[in-house]
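The chain contents come next:
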Amino acid sequence: MTLLGTLEVGPQGLGCMGMSQAYGTGDEQESIRTVHRALELGVTLLDTADAYGDGANEELVGRAIADRRDQVVLATKFALADTERRPRGDAPYVKRALEASLKRLNVDHIDLYYQHRVDRTVPIEETVGAMAELVEAGKVRHLGLSEASAATIRRAHAVHPITALQSEWSLWTRDIEHEIVPTCAELGIGIVPFSPLGRGFLTGRIASTDQLEADDMRHRLPRFSDENFDRNAAIVAALTALAAEKGVTPGQLALAWVQHQGDHVVPIPGTKRVRYLEENVAATRLTLTGQDLATIEEVAGQAAGGRYTPAMEQLSDK
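To start, this report covers the structure provided alongside it. (Residues numbered from 1 in each chain as written. Predicted model: local features only at pLDDT ≥ 70, side-chain atom pairs only at ≥ 80, totals over all residues. Heavy atoms only, no water.)

Taken in spatial order, the seven strands make up an open sheet running S3-S4-S5-S6-S7-S8-S9, and their pairing is parallel. Lying at the two open borders of the sheet, with one neighbouring strand each, are strand S3 (14-15) and strand S9 (190-194). Running over the sheet, helix H4 (residues 124-136) touches strand S5 (73-78), strand S6 (110-115), strand S7 (140-146) and strand S8 (162-168) and is turned about 155° from S7. (Pairing = 2+ DSSP bridges. Helix = DSSP H or I, 4+ residues; strand = E, 2+ residues; numbered from the N terminus. Contact = heavy atoms within 4.5 Å. Axes fitted to C-alpha atoms, helices over the stretch in contact; angles between N-to-C directions.)

Have a look at this one:
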């Protein structure tokens, strides 16, 4: 097991967003089987948000865990579910959002409650103060932030202990390493990397965006654009060759790299299929040496293109 602050979880979590939005058509029964198999394999941290599928993802996760709540470390988020899709952090909104999430998930408490994106129009002290009241009321066990800057993390942690920071972190997205990772280490805050597989690109399974459904969000992301795709595919080919030498998949190698960044790091690769879940979990058993890590970083290089569109980047506090 691994500790996020004082919260004990498995060494890898499961991102549930793609079961309801962003990555093509979902299959509820396969998604529920995936959640159940995750729990069997020791994946205890399930990650959702009120914004995913306009609440549908929380409802799906709630159905999946209805008869096994005690096996789950349940994480959800608020802040991006209002009609304007802008970050919200005012105290009344925080409390309304929590009540709505509890109802959709059909649970009486959330184990880890994140602010999905920082609301720059509201002092973080107000937001975290409202979240702390939810802890005092017994409706939330631990608090988290997502895509927050080091300065915001420090201010938030001074109000109430922050258990985990969720941010994008992978071989292709490493900006949090300069200031945010050391800040979290100093404060005893765990890190929950989302998109540790580069939104699927690092698995080597995407040979062309023609494979993606028309409504797949990756069509809009710079790293999947025509001008960047071939360069990034060449990087993945090099990673694939290195993985073959170790008898693993490129995705497993990329995941293992993230997991080796510290004992307090718990990535949440997303999938809606059992077979990919099992492949991802197998990466937790892969041991890498210091030389292995350095070689992987050298091969992975620098991704071509930004991780988000400029409009999406504006939601980040970093």
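This model, assessed by the stated rule, comprises two aromatic pairs. Between the aromatic rings of Phe-78 and Tyr-113, the centroid separation amounts to 5.1 Å while the plane-to-plane angle is 35°, which identifies the pairing as tilted. Separated by 35 residues along the polypeptide, Phe-78 in strand S5 and Tyr-113 in strand S6 bring together distant segments of the chain. For the ring pair Trp-172 and Phe-201, a centre distance of 5.2 Å and an interplane angle of 65° mean the geometry is edge-to-face. Within this pair, whereas Trp-172 is found in the loop between S8 and helix H6 (180-187), its partner Phe-201 is found in the loop between S9 and helix H7 (226-246), the two being separated by 29 residues in sequence. (Phe/Tyr/Trp six-rings, centres within 6.5 Å; stacked < 30°, edge-to-face > 60°.)

Right, let's talk about the packing of H4 against helix H5 (residues 150-159) for a bit. The contact between H4 and H5 brings their axes to 9 Å, and the two run at 40°. Relative to H5, the element H4 lies oblique. The two elements H4 and H5 cross, and the hand of that crossing is right-handed. Counted together, Ile-124, Glu-125, Val-128 and Gly-129 of H4 and Thr-152, Arg-155, Ala-156 and Val-159 of H5 form the full contact between these two elements. (Parallel < 35°, antiparallel > 145°, perpendicular 65-115°, else oblique. Left-handed = near helix turned anticlockwise from the far one by under 90°.)

For the structure on display, the rule yields 17 salt bridges. We note a salt bridge from Asp-67 to Arg-68, for which the minimum N-O separation is 2.8 Å. Through salt bridges with shared partners, a single network forms among Arg-37, Glu-40 and Glu-278. (Salt bridge = Lys/Arg side-chain N within 4 Å of Asp/Glu carboxyl O.)

Of all the seven residues making up S7, six are buried; the element is thus mostly covered by neighbouring parts of the structure. Pairing of S6 with S7, which is carried by five bridges, proceeds in the parallel orientation. By the bridge assignment for S7, Leu-112 is matched with His-142. You can see the chain leave S6, run along H4 and come back into S7, and the turn it takes is right-handed. Both S7 and S8 contribute to a ladder of four bridges, which runs parallel. In the strand pairing of S8, Leu-143 is matched with Ile-162. Handedness of the S7-H5-S8 crossover: right-handed. (Buried < 20%, exposed > 50% of the residue type's maximum accessible area, 1.4 Å probe, protein only. Right-handed = clockwise from strand over helix to strand, strands pointing away.)

Let us now look at the pairing of S9. Counting buried residues in S9 gives five out of five residues, a clear majority hidden from the surface. Residues Gly-190, Val-192 and Phe-194 of S9 are buried on one face, and the alternating residues Ile-191 and Pro-193, pointing to the opposite face, are buried as well. Regarding topology, H6 serves as the crossover connection from S8 to the parallel S9, and that connection is right-handed.

Moving on: H4. Look at H4: 18 Å from first C-alpha to last across 13 residues, which is about the 18 Å you get at 1.5 Å a residue. Along H4, the positions that sit buried rather than exposed are Ile-124, Thr-127, Val-128, Ala-130, Met-131, Ala-132 and Leu-134. Those residues of H4 that are buried lie in contact with S5, helix H3 (91-105), S6, S7, H5 and S8. Just past H4, the residue Gly-138 takes up positive phi, approximately 85°. (Expected span 1.5 Å × (residues − 1).)

With that settled, the discussion passes to the side chain of Glu-30. Positionally, Glu-30 belongs in helix H1 (residues 28-40). Assessed through its relative accessible area of 17%, Glu-30 is described here as buried. In this view, Glu-30 contacts Lys-272, Arg-273 and Val-274; residues no more than four positions away in its chain are not counted.

The next point concerns empty space enclosed by the protein. Taken as a whole and judged by the stated rule, the model has one cavity of 30 Å³ or more. Looking at the largest cavity, its volume works out to about 80 Å³. If you go around the largest cavity, the residues you meet are Glu-168, Trp-172, Gly-198, Arg-199, Phe-201, Leu-221, Arg-223, Phe-224, Gly-306 and Arg-307. Grouping the constituent residues of the lining of the largest cavity by class yields four nonpolar, two polar and four charged. (1 Å grid on protein atoms, 1.4 Å probe; cavity = no way out; pocket = protein on both sides within 12 Å on 5 of 7 lines; lining within 4 Å. Points joined across faces, edges and corners; volume = space filled by probe spheres on them. Nonpolar A, V, L, I, M, F, W, Y, C, P; charged D, E, K, R; others polar.)

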